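# Descriptive analysis of the structure
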Amino acid sequence: HEEPFGYAWLEAAAAGLPVLVTRGRAVADAFRSDYPLFVHDRDDRAALAALLTWCVTHRDALPDIGVTLRRHLHATCDTVSAVHPRYLDILEHARAPRVA
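Let me sum up the structure you'll find in this document. (Residues numbered from 1 in each chain as written. Predicted model: local features only at pLDDT ≥ 70, side-chain atom pairs only at ≥ 80, totals over all residues. Heavy atoms only, no water.)

### As for the overall build of the chain
Within the chain, the secondary structure is distributed over four helices and two strands. Walking the chain from its N terminus toward its C terminus, one meets helices and strands in the order α-β-β-α-α-α. Its C-alpha atoms give the chain a radius of gyration of 17 Å, clearly above 13 Å, the size a compact globule of 100 residues would have. Viewed in the frame of its principal axes, the chain has a C-alpha envelope of about 60 × 30 × 20 Å. (Helix = DSSP H or I, 4+ residues; strand = E, 2+ residues; numbered from the N terminus. Rg over C-alpha atoms; globule rule 2.2 N^0.38 Å.)

### Considerations on the packing of helix α3 (residues 62–77) against helix α4 (residues 79–93)
Running from N to C, α3 and α4 point in directions that differ by 35°, and their axes come no closer than 5 Å. Taken together, the residues of α4 that come into contact with α3 (itself represented by H74, A75, T76 and C77) are T79, S81, A82, V83 and R86. Broken down by class, the residue content of the contact of α3 with α4 amounts to four nonpolar, four polar and one charged. (Axes fitted to C-alpha atoms, helices over the stretch in contact; angles between N-to-C directions. Contact = heavy atoms within 4.5 Å. Nonpolar A, V, L, I, M, F, W, Y, C, P; charged D, E, K, R; others polar.)

### What to know about the nonpolar core
Among the nonpolar cores identified, the biggest contains 19 residues, and V19, V21, F31, Y35, L37 and L69 are the most heavily contacted of them. Going through the elements one at a time, α1 (6–14), β2 (38–39), α2 (45–57) and α3 are the ones with two or more residues in this core. Those residues in contact with L69 that lie beyond four places of it in its chain are A13, L17, V19, F31 and Y35. (Core = buried A, V, L, I, M, F, W, Y, C linked by side-chain atoms within 4.5 Å. Buried < 20%, exposed > 50% of the residue type's maximum accessible area, 1.4 Å probe, protein only.)

Have a look at this one:
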């Protein structure tokens, strides 16, 4: 039920490539909810074919989709600029649990 190559999406996106990604699987939760190349049901061959056809007929839109995806993932997932500062903020403002 999981995606066997889940990190391949992130690697491709980090290179600025648009990717088809199955909503709700592996790393898809890191993608914006309105990402246009989500596969909603990977067993729906007709819908997948339609999405691939869209990609072929809108090839000029794909570079912008890839760049936008890369920027989004960098802003939310980059260890240095996003994750580490949030982690430090959580530690700085954490409160000790109440002991009864």
